[in-house]
Every structure is written in structure tokens, then in C-alpha cells.
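These are the residues of each chain, in order.
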Amino acid sequence: MTFSIFRCPGCGRRTLADEVGATSYCMYCGDPLSEKDFDEPLDAMMETTLRFLIECEEPEESPMAGEVAEAADLLMSGDAKGAAEAFAGVLEGRTPEEANGLKDAMAAAAARWILEGVLSNEPYSGGLLDIAPLLVVDGAEDTTPQVLVEGIFNAMHEACAGIMDSDGMHAVLCTEYALLCDYMETEPSICNQGALAEEFWMRAKDVEGEHADIDAMAEAASCLMDAMDAALEEMGDEALDEAEAFWTAYGIGSIGGLGADALRAVAGRSFEDAREDVERAAKAYADAYRARGNQ
């Protein structure tokens, strides 16, 4: 299966599809696509990313795709909260097998939503956590919100290698940064959080271009990593395990939100303007983790 980008004759938006056939439709308005609508082949690295995210399954080929169409359309339009409400309604009264199929279809829609934004230079800025908790399959650890967030982050990370233009790189890094914020709110391990923050920082710190906000994001990630390191230096393995177990049981949002605040403090500002807010939020995050480990 070969993916390409098409220009929809109905709504005019760029959309993904495989080789045009009888079942190829626009992801947004549902209009059929034909060969004359071909815009350009999908970049090889982005095609690898797409395969990673959706395992080559087109939404219209999924038996459950039609049932999640309303929620998927809301997600594509940017209304993540509305999509979550619609999808929750679809799940009501379903058998476990039906629910799992619906969740798979909706997860593919969520991945496509984020990827399509990157392809259109419209970076993801949040909303995945509105729908992610509804996609968890009982007993399947690889369906938890943090695994979904990390999986999409890693796919975007791989896609960076194939995007050289300034706007495209900006869209990828802004998407990764927003996903890093989501990860902070869902992953209870400060070590895992730090590892993903470092991955982002390594990608962003040496990027040259006209987008100054990338520098601010890299600085914010570095500041948060320093706070994490300071907390870890005072915590032994036993205290660290206890802290992670506590946050897993208690709810990671109560601690991860502080870490996410440190990252989101730079939104629309330079790091110098946001430095005090970032450092305050990063310290509060590290202090809370350290305090839990010392109890």
C-alpha cells in the first residue's frame, strides 16, 4: 500500500489516502478522491510514520470506522472535548469485544488527526488527553494514555529526520513539545519523563531557523530536566519506586500537571520572559516528587 497526499475537490484540504480506488475518500468531508486530485507523494519518512501510527489500516476499511465517524470528524475539526463526549456515547452498552474494536478505530483517528496537522504545518497543541482515557483496553498496558502519547511522540521524532524546511520542522517540534506536556500528565515515572524531555531537548537545541519559540521550548525542557536531576540526586531507588507507585495509584495529574505547567509557561513567550514562571513550576514539581519519596 502506497500513501500519497491528495487535494480534495470538495473541501480543498490536503488529505491522506492510499492508491486511489473505489474506497478512497477525503478524511475531512468524505468526498471521493480520484487520480486527478493527486497532489504529491508522501515523504518516505512520513510514510514510515504513518505506518507506525495506523498500521496501514485506512479508516474506511475498519469495521468500526463508521460508528466512530462523528467523533472522528469532531476530532479532525479540532473539537477534542466534543469528540470525547461523542465517543463516550458510542461506547455505551457495548460488549467488551465491540468496545475494543471501537477503541482501535478511534485510536487510529486520533493518530491521523495529529499527523495530518503536522503534514499541513498546523502543529498539535493539545486535546489528545480528552480522548486517550477512553481508549484504554482492560488488561492491555500498551493502550494506556502515556503509551499512546509516547508512541505518537516517537513517530514524530522519527519523522524529523525527513523534514528539512523550517516550517515543517517547526510543526514537528511544536507537536512533540505538546505531546511532552501530555506525557508529563500521564506518566508517573520521573525517570521516563526525564528521558522523553531529553529526547525533545536533543532534537530542539541545535535547530536553526526563524522560529524563536523552538529555542524557548528547548530552554524550558532543559530547566525541567535540571529540576528532575536535583530531585533524583536526593532519592534512592527505594524512595523512587515508592514515589512512582504512589503517583500511579493516586493520580499522576496531581504531580504531572506541575511539570506540564513548567513547559507550558513559555507558550507565546520567550524563555527569558517566562523564566521565573518556568523555574517556579519546575521547582514545585521536583519538590513534590522529592517529598513523596522521602515519606
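Residues numbered from 1 in each chain as written. Predicted model: local features only at pLDDT ≥ 70, side-chain atom pairs only at ≥ 80, totals over all residues. Heavy atoms only, no water.

### Examining the overall build of the protein chain
Then, in step 1: What the protein chain contains, in helices and strands, is 12 helices and three strands.
Then, in step 2: Taken over 295 residues, the protein chain has a buried fraction of 50%.
Then, in step 3: Expressed as a percentage of contacts within the protein chain between residues at least 6 apart in sequence, the contacts between residues at least 24 apart total 69%.
Then, in step 4: Accessible surface for the protein chain amounts to roughly 13,600 Å². Of this, 49% is attributable to carbon and sulfur atoms. (Helix = DSSP H or I, 4+ residues; strand = E, 2+ residues; numbered from the N terminus. Buried < 20%, exposed > 50% of the residue type's maximum accessible area, 1.4 Å probe, protein only. Contact = heavy atoms within 4.5 Å. Areas by Shrake-Rupley, 256 points an atom, 1.4 Å probe, with all protein chains shown as cover.)

### Quick look at the pattern of salt bridges
Then, in step 1: Across all of its chains, the model carries 12 salt bridges by this definition.
Then, in step 2: Across the salt bridge formed by Asp 287 and Lys 283, the nearest N and O atoms sit 2.7 Å from each other. With Asp 287 and Lys 283 both in helix α12 (residues 271-293) and four residues apart, the pair spans about one turn of that helix.
Then, in step 3: For Asp 287, a relative accessible area of 28% translates into the label partly exposed.
Then, in step 4: For Lys 283, a relative accessible area of 51% translates into the label exposed.
Then, in step 5: For Asp 287, the salt bridge goes to Arg 290, with nearest N and O atoms at 2.5 Å. A residue pair is termed a helical-turn pair when its members lie 3 or 4 positions apart in one helix, as Asp 287 and Arg 290 do in helix α12 at three residues.
Then, in step 6: Residue Arg 290 is classed as buried on the basis of its relative accessible area of 15%.
Then, in step 7: Ionic contacts of the salt-bridge type, sharing partners, join the residues Glu 234, Lys 283, Asp 287 and Arg 290 into one network. (Salt bridge = Lys/Arg side-chain N within 4 Å of Asp/Glu carboxyl O.)

### Things to note about the confidence of the model for the protein chain
Then, in step 1: Chain-level pLDDT for the protein chain is 81 on average; 79% of the residues reach the 70-or-more range.
Then, in step 2: Predicted confidence is poor over residues 54-61, with pLDDT under 50, and the contacts of this stretch with residues over four places away or in other chains come to 23 contacts. (pLDDT = per-residue confidence, 0-100.)

### What about the environment of Val 147?
Then, in step 1: The topology assignment puts Val 147 in helix α6 (residues 145-160).
Then, in step 2: Relative accessible area serves as the criterion here: at 32%, Val 147 is assigned to the partly exposed category.
Then, in step 3: Setting aside its immediate chain neighbours within four residues, Val 147 contacts Glu 141 and Asp 142.

### Observations regarding α12
Then, in step 1: Remark: the principal bend of α12, roughly 35°, maps to Asp 277.
Then, in step 2: All of the buried residues along α12 are Phe 271, Ala 274, Val 278, Ala 281, Ala 282, Tyr 285, Ala 286, Tyr 289, Arg 290, Arg 292 and Gly 293.
Then, in step 3: Buried residues in α12 make contact with α7 (166-184), α8 (190-204), α9 (212-233), α10 (237-250) and α11 (253-264). (Bend = angle between axes of the 7 residues up to and from the residue.)

### Quick look at α8
Then, in step 1: Over its 15 residues, α8 runs 21 Å from end to end, which matches the ideal 21 Å to within 8%, given 1.5 Å per residue.
Then, in step 2: Taken together, the buried positions of α8 are occupied by Ile 190, Gln 193, Gly 194, Leu 196, Ala 197, Phe 200 and Ala 204. One side of α8 carries all its buried residues, which in axial view fall inside an arc of 165°. (Expected span 1.5 Å × (residues − 1). Arc of directions from axis to C-beta.)

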